[in-house]
Amino acid sequence: MGAEATWTRTFGASLFACALGVSGCAWILGGLGEAIDRPDAASAPSLGEAGWDGAPSCPGALPGYPYRRAFVLDGTDASVADYTVQIALPSDQLVAEGKVQPTGADYRFTDEEGRPLPFWVDGEADGGPRQALVRMHIQPGARGWVHYGNASAAIGAQRMDVFAPGIIDDPTFRRTDGWWVQFTEDPADRVPAEWSVGYEDEGVRFKVARSSGNNGASVVACQTVTFPGGSRYRVVFDTVFAREGEGAVWVWVSGLDRLSVWAHSVVEGNVTMNARDEETITFDSGTRVMCLGAGVTTGGSVNARFSRIRARRVVTNEPRASVGREETSCP
């Protein structure tokens, strides 16, 4: 990877004008990075002495993991598959007690019967990860297990695994044919713009520069995406960008006939920014065009790298995960 290629397809001026010339566009919402309450031994809700009220404690045990806690989803009336659930973890306490590795590498998540669930825990926080992202079928009262205590366990999860699978074609740009690229500059301006698109390991890099002019230039990569019914969505992505002068990077999702929703990252002046798990605003299901873009206005340059383009489902009443008291797994 890493070789650069260029395209010269025409890119509609109206789209570019909206991308860089509209002051009322929405800001990116932080979503997955929001603060959450962390349970501790005293405040964790009781889910019954046996894990589930009235249920035996042995079903769902995971061999090699001596401890577990039950979790229950409540506060929602939705029934949706492949939903990304946030679960608060009492890692400070468990790491201090020597029951969880400091990186959280020995956390595992299963459904009520012990079947593995895709998950991700962020081991960069001091004292262990504060939350987990778990992909599962949600419905009122859905249940599962948090397992831990295996000192030799290696990290067994990827962030990509916890988002709705199979929706975005080529989400890490391993195949260059999953996206089409468009470039625009105002032909009346007569000021040339320099631009390129380079594919790298699990990412795509946009470079666009313009020495002067009033109408700017932009480059985008797009694909047509069908978001299945039954829920609404947000697009989640990572981006690193450096900018000199006036410019921006953005992700937007549209209907096939009109721009319907978008979000972009903009910071005034010269800036270098690394954003992880950024989110667009919520949009409805359906067949849409999704684009990643970078552009400059009166002059300057933008160098932006996008990676890990994902989709997560959104429901009206977001479920809350209540984690119970610690149990020892079955002998």
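First, a word on what this report is: a plain description of the structure on this page. All figures in this text were calculated on a predicted structure; none of them were measured in a lab.

Some words on the nonpolar core
(1) Moving on: Formed by 37 residues in total, the largest nonpolar core has its most connected members in Trp179, Phe206, Val208, Phe227, Phe306 and Ile309.
(2) Moving on: When residues of this core are traced back to their parent elements, those giving at least two are strand S8 (180-185), strand S9 (193-200), strand S10 (203-210), strand S11 (217-227), strand S12 (232-254) and strand S15 (286-314).
(3) Moving on: Ranked by the residues each element gives to this core, the list is headed by S15, at 9 residues.

Structural notes on the pattern of salt bridges
(1) Moving on: Within this structure, the stated rule accounts for 24 salt bridges.
(2) Moving on: Between Asp92 and Arg130 there is a salt bridge; the shortest N-O distance is 3.4 Å. Note that Asp92 is positioned in helix H2 (residues 91-96) and Arg130 in the loop between strand S5 (119-121) and strand S6 (131-138), a separation of 38 residues in sequence.
(3) Moving on: Looking at Arg130, the relative accessible area reads 28%, which means it is partly exposed.
(4) Moving on: Taking the shortest distance from any N to any O, the salt bridge between Arg305 and Glu200 comes out at 2.8 Å.

A word on the packing of aromatic side chains
(1) Moving on: Enumeration over the complete set of coordinates arrives at 12 aromatic pairs.
(2) Moving on: Measuring from centroid to centroid gives 4.5 Å for Phe183 and Trp195, while their planes differ by 10°, and the two rings are stacked. In this pair, Phe183 sits in strand S8 while Trp195 sits in strand S9, placing the two residues 12 residues apart along the sequence. Considered together, Phe183 and Trp195 belong to a single accessibility category, that of buried residues.
(3) Moving on: Ring geometry for Phe227 versus Phe283: centroids 4.9 Å apart, planes at 75°, classification edge-to-face. Highlighted residues: Phe227 in strand S11 and Phe283 in the loop between strand S14 (271-279) and S15, separated in sequence by 56 residues. Neither residue differs from the other here; Phe227 and Phe283 are each classed as buried.
(4) Moving on: Connected via pairs of aromatic rings, a cluster forms that spans Tyr67, Tyr107, Phe109, Phe119 and Tyr148.
(5) Moving on: Positioned over the ring face of Tyr67 is Lys99, at 5.0 Å from the centre of the ring.

Observations concerning the sheet that holds S6
(1) Moving on: The sheet built from 3 strands is open, its strands ordered S3-S6-S5 with antiparallel pairing. The open sheet has two edge strands, strand S3 (80-88) and S5, and neither has a second partner. Averaged over all adjacent pairs, the angle separating strand axes in this sheet is 20°, with direction ignored.
(2) Moving on: Across 7 bridges, the pairing between S3 and S6 is antiparallel. Bridged to Val80 within S6 is Ile138.

Thresholds applied
- Residues numbered from 1 in each chain as written.
- Predicted model: local features only at pLDDT ≥ 70, side-chain atom pairs only at ≥ 80, totals over all residues.
- Heavy atoms only, no water.
- Core = buried A, V, L, I, M, F, W, Y, C linked by side-chain atoms within 4.5 Å.
- Buried < 20%, exposed > 50% of the residue type's maximum accessible area, 1.4 Å probe, protein only.
- Helix = DSSP H or I, 4+ residues; strand = E, 2+ residues; numbered from the N terminus.
- Salt bridge = Lys/Arg side-chain N within 4 Å of Asp/Glu carboxyl O.
- Phe/Tyr/Trp six-rings, centres within 6.5 Å; stacked < 30°, edge-to-face > 60°.
- Lys NZ or Arg CZ within 6 Å of the ring centre and 35° of its normal.
- Pairing = 2+ DSSP bridges.
- Axes fitted to C-alpha atoms, helices over the stretch in contact; angles between N-to-C directions.

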